[in-house]
Each structure stands twice: as C-alpha cells, then as structure tokens.
Amino acid sequence: MSTYIIGDVQGCFDALMALLVKVKFNDSKDKLIFCGDLVNRGGQSLETLRWIYAHQQNCQVTLGNHDLSLLAQYYVKRLRKTRNREFQEIFKATDCSNLMTWLKNQKLLIHNKKIKKIIVHAGIYPLWSLKRAKKEAKYVESYLRDKPLVFFNNMYGSKPNHWSKSLSGMDRARFAVNSFTRMRFLFKNNGLNFKAKGEIESFPQLIPWFRFKPYKKKKHTIIIGHWSALGLMQENNVICLDTGKVWGGKLTALKISDNPKHKQQIFQV
Ligand SMILES: [Mn+2]
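Residues numbered from 1 in each chain as written. Predicted model: local features only at pLDDT ≥ 70, side-chain atom pairs only at ≥ 80, totals over all residues.

(A) Representation of the overall build of the chain. When helices and strands are counted, the chain shows nine helices and 13 strands. Judged by the C-alpha coordinates and their principal axes, the chain covers about 50 × 45 × 35 Å. By residue count, 43% of the 269 residues in the chain fall in the buried class. Taking the intrachain contacts of the chain between residues at least 6 apart in sequence as the baseline, contacts between residues at least 24 apart amount to 68%. (Helix = DSSP H or I, 4+ residues; strand = E, 2+ residues; numbered from the N terminus. Buried ≥ 20, exposed ≤ 12 C-beta atoms within 10 Å, placed from the backbone. Contact = placed C-beta atoms within 7 Å.)

Laid out in structure tokens, this is it:
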C-alpha cells in the first residue's frame, strides 16, 4: 500500500487522472491525501469533486481557500458570483447538495501518524504548538459541521491577524481558517499578512511562515499546497506540493510507501 499526497488540483481533472495513471494508483489499497484547493479556475471542478466523492474510501482532503469559497457561495447566496461559471455548474448539478455536505465535513489539518506527516493547505501558524494547531483546526471543523451558515456569513475578513488565547467565536475561527488556508507571510510583530503573494524575495520586510520559527527539530513533516510561486520546495521540515498546474505548471504527487525502507518519490504531470 502507498499513500500519495497531491498538490492543488484546482479543477484540473484531466491532469489528476493522468497523475493517477502515472503513479499506478490502485483503488483497492492505495490512499490519496489532497492538500486542498480541489476546485476553481481549471475548468473541471465538478468532475474533480465527483471523482473524489466517489472514491472517498481512498481519499482524505484538507480544505483550501478555494474550496471554502465554493462552500461559502453555496451556503450564502449573496456571496455568489455569477461570472464564476465553474461554480455555477456545481450549484446546478443534481448531486450538488451531497457534494457540498461531504466537502464541508473535510478537515483543516490531517495528522497521519503512520507516515509522520501533517497536511494543511497553507501552513501552521508558527507560534502554535502542534497540539494547539490541532485544537484550532477542530474548532473550525466543528463550526463547518454544525453551524455552516454562521461560519460562512462571517468567514471573510483578515482580522484579527494576531493570535491570542482570548479570541473566541468567529474571531477565533477566522484567525484559524485564515492561517490554515491563506497564510504565506508574517510581519515581524507576529501578525499575519494576507496581501503579499508571489516570490519570497519580493518581500524582504516580511517573513514566510515556515521561516518565522523554523520547525527544524520537529519529528513530523508539514506538507502544504497554496503557494505555487514556491514550486516544489522542501525547507527544513516543510514540503510545498503546489506546482501550479492551473497556471501552466505541473500537478505533483508525493508517494510515501508503507515500507519505511522505500524512499519518498515525486511524480508530476
Ligand atoms: Mn490556496
């Protein structure tokens, strides 16, 4: 058995299928873990969701900002943008409500102890312990599961951008969802910056989250998507798998065998 961790698909369904052929995915034994951003911009978001939904026994998903944007527009009609044809196609589909109910029950953070990997879409707020990160992920997941309308009516916004244990309710949930799904850079004062995107070198005054307080001594590897400008990257214990298929780049899978003697392998289409 092998586990494949897959970068941002963003509706590039043909590429996903080609990647699974390339890795010789076997649905009777292999597992797939998606880093999030399953949908948007690639043109085949509905096909992507349907396939993963149909193979949910094999698949685990961490939600990305585009997945949450889709869910927000599904649950809160005033947020719908008619020009997003890809999302409109999903909303008109007869299986839409099954797909959306399934999607909103996915995770913000997956910790697979067997393969010693943590998978999140954008990152883990660097001043959090792993225990704290798991607690905050669960906090958001419980909102999504139990109070999706409250959550999506109040999800948008970049404040608070400073963490405090005293945050509560949607302020706490918004800080967590923003750090798990949108974070790239921090200000030197610990605050999250949501405006900067692109190459690290373009923002010398900001610090990429994974350099803020590097996870050098941690036993687990953190695997992310979201930041296609990084490309396929490993720095300390962080691996980025968003290689920007939707922008003309590649779709990437990291293969981790059950047999610890086997090396990790990268596959791309
Ligand atoms: Mn993203």
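(B) Seen up close, the packing of helix α6 (residues 130-146) against helix α8 (residues 169-181). Between α6 and α8, whose axes approach to 9 Å, the crossing angle comes to 110°. One element, α6, and the other, α8, form an angle in the roughly perpendicular class. Here E136, A137, Y139, V140 and Y143 of α6 lie close against α8, whose contacting residues are R172, A173, A176, V177 and F180. Of the residues belonging to the contact of α6 with α8, the class tally is eight nonpolar, no polar and two charged. (Axes fitted to C-alpha atoms, helices over the stretch in contact; angles between N-to-C directions. Parallel < 35°, antiparallel > 145°, perpendicular 65-115°, else oblique. Nonpolar A, V, L, I, M, F, W, Y, C, P; charged D, E, K, R; others polar.)

(C) Examining the nonpolar core more closely. In terms of nonpolar packing, the biggest core is built from 72 residues, with I5, V120, I223 and I224 touching the most fellow members. Once residues lying within four places of it in the same chain are set aside, the contact partners of I5 are I33, C35, K117, I119, I223, L241, A253 and L254. (Core = buried A, V, L, I, M, F, W, Y, C linked by C-beta atoms within 7 Å.)

(D) Examining the packing of helix α2 (residues 45-54) against helix α4 (residues 85-92) more closely. Closest axis-to-axis distance for the α2/α4 pair is 8 Å, and the angle between their directions is 50°. Taken together, α2 and α4 sit at an angle that is classed as oblique. Side by side, α2 and α4 meet where S45, L46 and L49 of the first sit next to E86, E89 and I90 of the second.

(E) Expanded view of helix α1 (residues 13-22). Three or more residues of α1 are buried, namely F13, A15, L16, L19 and L20. Along the axis of α1, the buried residues cluster in a sector spanning 160°; they form a single face. Across α1 from its buried face, at more than 90 degrees, point the exposed residues A18 and V21. Elements in contact with the buried residues of α1: α2, β12 (252-257) and β13 (265-268). Following α1 by one or two positions, K24 adopts a phi angle in the positive range, close to 55°. (Arc of directions from axis to C-beta.)

(F) Expanded view of the sheet that holds strand β7 (residues 192-193). Ordered by their spatial adjacency, three strands build an open sheet running β7-β6-β8, and the pairing between neighbours is antiparallel. With partners counted over all chains shown, the strands left at the sheet margins are β7 and β8 (207-208), one partner each. By the bridge criterion, two bridges tie strand β6 (residues 185-186) to β8 in an arrangement that is antiparallel. Counterpart to L186 in the pairing with β8 is I207. (Pairing = 2+ DSSP bridges.)

(G) Representation of the environment of W128. Turning to its location among the elements, W128 is positioned in the loop between β5 (117-120) and α6. Sequence-wise, W128 and N236 are 108 residues apart; in three dimensions their C-alpha atoms are separated by 17 Å. In this view, W128 contacts A133 and E136; residues no more than four positions away in its chain are not counted.

(H) Structural view of the sheet that holds β5. With mixed pairing, the five strands of this open sheet are ordered in space as β4-β5-β9-β11-β10. Only two strands of the sheet have a single neighbouring strand rather than two, namely β4 (109-112) and β10 (233-235). On average, each strand axis in the sheet is tilted by 20° relative to the strand beside it, whichever way the strands run. Note: β10 against strand β11 (residues 238-240), three bridges, orientation antiparallel. Paired with E235 across the bridge in β11 is V238.

(I) Geometry of α6. If you check α6, its first and last C-alpha atoms are 24 Å apart, about what 17 residues at 1.5 Å a residue would give, namely 24 Å. Turning to α6, its buried residues are A133, E136, A137, V140, E141, Y143 and L144. The arc that holds the buried residues of α6, viewed along the axis, is 155°, so those residues lie on one side. Exposed residues pointing more than 90 degrees away from the buried face of α6 are listed as K131, S142, R145 and D146. (Expected span 1.5 Å × (residues − 1).)

(J) Focus on the pairing of strand β9 (residues 221-224). Judged by which residues are buried, β9 turns out to be covered on both faces: T221 and I223 on one side and I222 and I224 on the other are all buried. In terms of strand pairing, β5 meets β9 through three bridges, oriented parallel. Within the sheet, the bridge partner assigned to K117 lies in β9 and is T221. Here β9 runs beside β11; their pairing, made up of three bridges, is parallel. Within β11, the position partnered with I222 by the bridge is V238.

Structural measurements only, silent on function.
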